[in-house]
Amino acid sequence: MHPRHLDRQALIACWRETLLAQKVLCGETRGYTRHPQIERFQAQQDPVASVGAYLEGLALEADARAYRFDRSRIRVGEARVQRIDVTEGQLVLEWNHLRTKLGVRSPDVLARWQGVATPDAHPLFHVIAGPPASWERAAT
């Protein structure tokens, strides 16, 4: 989903996890290599460029909040990045998961998004009709 929907904790965690995903895609770590969400980047023409574009979207949101995310950690690939399809079912599943967490740790952020059934997607993603991703382990 679009980083603007994330609370502070989720934005920072997403940044850190995506930096780790970038290391995986660059072959610099043995862990995390089978994480299912890495598949969406591995399927791209230039996985490193795609994950870099995702990180840039997070960094833009961090800028808007006056946070300091170190952009020098973002690797730029060689190919032009194409938008990645994400199903509406996947977006809603992730949105519901986030809303549960927001209800516990950031009720003010949850209140801001009250009434939003489907959030905006991260700028890298293009929303298409369909169920949650086949690799999704969360209960639906």
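Since we're looking at a predicted model, the values are computed, not measured.

Asks: What is the right way to read the packing of aromatic side chains from this model?
Replies: For any pair of aromatic rings, the description consists of the separation of the ring centres together with the inter-plane angle of the planes. Overall, the coordinates contain 4 aromatic pairs when judged by the stated rule. Taken together, a centroid distance of 4.7 Å and an interplanar angle of 35 degrees make the contact between tryptophan 15 and phenylalanine 69 tilted. One end of the pair, tryptophan 15, is in helix α1 (residues 8-25); the other, phenylalanine 69, is in the loop between α3 (47-64) and β1 (84-87), and 54 residues separate them in sequence. Assessed through its relative accessible area of 13%, phenylalanine 69 is described here as buried.

Asks: Could you clarify how one ought to interpret the environment of valine 51 in this entry?
Replies: Here valine 51 is to be found in helix α3. Expressed as a C-alpha distance, the spacing of valine 51 and leucine 25, which sit 26 residues apart in the sequence, is 8.5 Å. What valine 51 contacts, discounting residues up to four positions off in sequence, is Thr18, Ala21, Gln22, Leu25 and Phe41.

Asks: Teacher, can you tell me more about the state of the cysteines here?
Replies: Every disulfide links exactly two cysteines, by a covalent bond between their sulfur atoms. In the structure shown here, the tally under the stated rule is 0 disulfides. Of all cysteine sulfurs, the one in cysteine 26 lies closest to cysteine 14, which takes part in no disulfide; the gap is 17 Å. Residue class for cysteine 26 comes out partly exposed when judged on its relative accessible area of 28%.

Reading guide: rules and limits
Residues numbered from 1 in each chain as written. Predicted model: local features only at pLDDT ≥ 70, side-chain atom pairs only at ≥ 80, totals over all residues. Heavy atoms only, no water. Phe/Tyr/Trp six-rings, centres within 6.5 Å; stacked < 30°, edge-to-face > 60°. Helix = DSSP H or I, 4+ residues; strand = E, 2+ residues; numbered from the N terminus. Buried < 20%, exposed > 50% of the residue type's maximum accessible area, 1.4 Å probe, protein only. Contact = heavy atoms within 4.5 Å. Disulfide = S-S within 2.5 Å.

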